[in-house]
Amino acid sequence: HLDESAVPTAGDLDLRDAFCLPAFVDAHLHLVMGGLGLGRLDLSNVASRPAFESAIAHAAAELDRRDPTRSRWLEAWGWSAERWRRDGHGDPDRSWLAAARDRPAIAWRMDQHACLLNAAALAIVERTHPGLPDLPGGTVIRDADGRPSGVLVEANAWRQAIPQVPPPDAMVRREATRAAAQHLVRHGIAAVGAMEYASELRTAVLPELGTIPIRIAATLLDRDWPLDVELAAAVRREIPAEVRDRLRVIGFKAFADGTFGLRTARMLEPYADRPDTRGMLVELALGGHLEAWATAVRRAGLSPSIHAIGDEAFRLSLDAVEAAERAIPDGARPAARIEHGQTVHPADLARLRGRVVS
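Residues numbered from 1 in each chain as written. Predicted model: local features only at pLDDT ≥ 70, side-chain atom pairs only at ≥ 80, totals over all residues. Heavy atoms only, no water.

(A) Quick peek at a nonpolar patch on the surface. A cluster of nonpolar side chains, Phe19, Leu21 and Phe24, forms an exposed patch at the surface whose accessible area comes to about 370 Å². Within the fold, Phe24 resides in strand β1 (residues 24-29). Overall, the relative accessible area of 45% leaves Phe24 in the partly exposed class. (Patch = residues over 30% accessible without salt bridge, like charges linked within 9 Å, V, L, I, M, F, W, Y side chains within 5 Å. Areas by Shrake-Rupley, 256 points an atom, 1.4 Å probe, with all protein chains shown as cover. Salt bridge = Lys/Arg side-chain N within 4 Å of Asp/Glu carboxyl O. Helix = DSSP H or I, 4+ residues; strand = E, 2+ residues; numbered from the N terminus. Buried < 20%, exposed > 50% of the residue type's maximum accessible area, 1.4 Å probe, protein only.)

Laid out in structure tokens, this is it:
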């Protein structure tokens, strides 16, 4: 609780039969995205195709009532094919969103690294990207006839689908930020490490700093290369002095690979159930820029954070971090972070000393 005048003392609380503990810190989340998700269809508990289609039908009917002009997209998130494979179903396809009819619909996988589009949304995306070609660091799942099934993975989801979805306006994003903060506090989380785009911080978070009851250490998402390191200083200058204790901008985040659920996390060995692939490198790692990026971030006195889930991506991230530390040897600078860090080859374990693995 940030308002010290309103913080109750132990004498004000009835602690009989109660359990007290300090508030939690969540070291890695996406505040604005999470807040927007609270207002969208949650498919995280859907465990079968009939339940999936029923949820879409209900959400589509409700949206029809609120938006009879059918100008808004139906947006959902949280699905995972692992929940229904036992019933013989694999990845969903555009037909699973048929209940949305001619309203464009998009449903994000639980890890946000793949999205499912219905036929109407696919048609919109294909007008800009005819045939939906696979992009470097991405792929499009196709049916037996070679047509897009509706599932876009990694770079294809980010570069082809997202730009076509009408973005919520600034007020909606601000409301989402407030909703996210209240949701966190209800679960005992009082401080967060938020991975956010600078535009989200400026339009949604900064205006709400005086009202939200959490503290934020922000790591900037910036997928462009070369990196604009001045961006962090620019955002810092925009934080009002009276709420500067609520928000710190501490670094930048890059992506090295994908996720396990999609088999896009980059591994040193092929997947046991997909021997045709070791996953993929994405963005800066794919382009060979990870070392230069980490060095630029460290030179600016900021923390480089790298999304790395597979053991090869983890090794490449460590290589980049070590090279950056050799180039900028000042030990007082913020530590680098490997985000997720789910698999590490035993030969690399000793290299973790003095590093942050989230």
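More follows now that the structure is in view.
(B) Looking closely at the nonpolar core. Of all hydrophobic cores here, the largest spans 52 residues; its most connected members are Leu31, Leu209, Ile216, Phe252 and Trp293. Formed by 24 residues, the second largest nonpolar core is a distinct cluster that contains Leu43, Ala105, Leu116 and Val153. (Core = buried A, V, L, I, M, F, W, Y, C linked by side-chain atoms within 4.5 Å.)

(C) Seen up close, the sheet that holds strand β7 (residues 148-154). An order of β2-β3-β4-β5-β7-β6 is seen for the six strands of this open sheet, with the pairing classed as mixed. The open sheet terminates on both sides in strands that have one partner only, identified here as β2 (41-42) and β6 (138-142). As paired elements, strand β3 (residues 74-79) and strand β4 (residues 105-109) share five bridges and run parallel to each other. Considered in β4, the bridge of Ala76 is made with Ala107. (Pairing = 2+ DSSP bridges.)

(D) Geometry of unusual backbone geometry. A cis amide bond links Trp225 with the next residue in sequence, Pro226, at an omega value of 0 degrees. Mapped onto the secondary structure, Pro226 falls in the loop between β9 (215-221) and α7 (230-237). Here Arg70, not a glycine, exhibits a phi torsion of approximately 60 degrees, which is positive. For Arg70, the position within the fold is in the loop between α2 (49-66) and β3. When its relative accessible area of 22% is taken as the criterion, Arg70 is described as partly exposed.

(E) Structural context of the sheet that holds β1. Here we have seven strands laid out as an open sheet, ordered β1-β8-β9-β10-β11-β12-β13, and parallel in their pairing. Since the sheet does not close on itself, it has two edges, and those belong to β1 and β13 (356-357), each with one partner. Bridge count for strand β12 (residues 337-340) against β13 is two bridges, and the pairing is parallel. The partner of Arg337 across the bridge, within β13, is Val356. Running at roughly 155 degrees to strand β10 (residues 247-255), α7 makes contact with β9 and β10 of the sheet. (Contact = heavy atoms within 4.5 Å. Axes fitted to C-alpha atoms, helices over the stretch in contact; angles between N-to-C directions.)

(F) Region of the structure containing the environment of Pro207. Inspection of the secondary structure puts Pro207 in the loop between α6 (198-205) and β9. For Pro207, a relative accessible area of 35% puts it in the partly exposed group. Separated by 33 residues in the primary sequence, Pro207 and Pro240 have C-alpha atoms spaced 9.3 Å apart. Aside from chain neighbours lying at most four places away, what touches Pro207 is Arg174, Leu201 and Arg202.

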